Amino acid sequence: MSNGASILTFMIISFSLALILIMKKNSLPANVKRPLAILALVMVSFSFVLMIFSFFSGAK
């Protein structure tokens, strides 16, 4: 798999995790909610960093 495809796959997975957490926030136990939310926040933030990095590295 190419580098771009790996980045795209990671972005889809991280945004999907965040969306699932938002949709199922009422059915998750309280002790699981915070770590999953922090993980989703880190993954989505890293996705944005990878997106910006791929735009700048492809603009050479």
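Before going into details, it helps to say that this report is about the structure given with it. Predicted, not measured: the structure shown is a model, and the values here were computed from it.

### Notes on helix α1 (residues 3-23)
Okay, step 1: Helix length check: α1 (21 residues) gives 30 Å between terminal C-alpha atoms against 30 Å at 1.5 Å per residue, within 8%.
Okay, step 2: Ile 7, Met 11, Ser 14, Ala 18 and Leu 21 are the residues of α1 that are buried. Relative to the axis of α1, the buried residues are bounded by an arc of 100° and lie together on one face.
Okay, step 3: The elements touched by buried residues of α1 are α2 (30-58).

### What to know about the packing of α1 against α2
Okay, step 1: Axis separation between α1 and α2 bottoms out at 9 Å; the angle between their running directions is 150°. Crossing handedness for the pair α1 and α2: left-handed. Across the interface between the two elements, Ile 7, Phe 10, Met 11, Ile 13, Ser 14, Phe 15, Leu 17, Ala 18 and Leu 21 of α1 pack against Leu 36, Ala 37, Leu 39, Ala 40, Met 43, Val 44, Phe 46, Ser 47, Phe 48, Leu 50, Met 51 and Ser 54 of α2.
Okay, step 2: The class makeup of the residues in the contact of α1 with α2 is 18 nonpolar, three polar and no charged.

### Topic: the packing of aromatic side chains
Okay, step 1: The tally for this structure, following the rule as stated, stands at two aromatic pairs.
Okay, step 2: Their ring planes at 80° and their centres at 5.7 Å tell us that Phe 10 and Phe 46 sit as a pair that is edge-to-face. Taken as a pair, Phe 10 in helix α1 and Phe 46 in helix α2 lie far apart in primary sequence, 36 residues in all.
Okay, step 3: Looking at Phe 46, the relative accessible area reads 44%, which means it is partly exposed.
Okay, step 4: On the numbers, 5.6 Å between centres and 70° between planes, the contact of Phe 15 with Phe 48 is edge-to-face.

Parameters at a glance
Residues numbered from 1 in each chain as written. Predicted model: local features only at pLDDT ≥ 70, side-chain atom pairs only at ≥ 80, totals over all residues. Heavy atoms only, no water. Helix = DSSP H or I, 4+ residues; strand = E, 2+ residues; numbered from the N terminus. Expected span 1.5 Å × (residues − 1). Buried < 20%, exposed > 50% of the residue type's maximum accessible area, 1.4 Å probe, protein only. Arc of directions from axis to C-beta. Contact = heavy atoms within 4.5 Å. Axes fitted to C-alpha atoms, helices over the stretch in contact; angles between N-to-C directions. Left-handed = near helix turned anticlockwise from the far one by under 90°. Nonpolar A, V, L, I, M, F, W, Y, C, P; charged D, E, K, R; others polar. Phe/Tyr/Trp six-rings, centres within 6.5 Å; stacked < 30°, edge-to-face > 60°.

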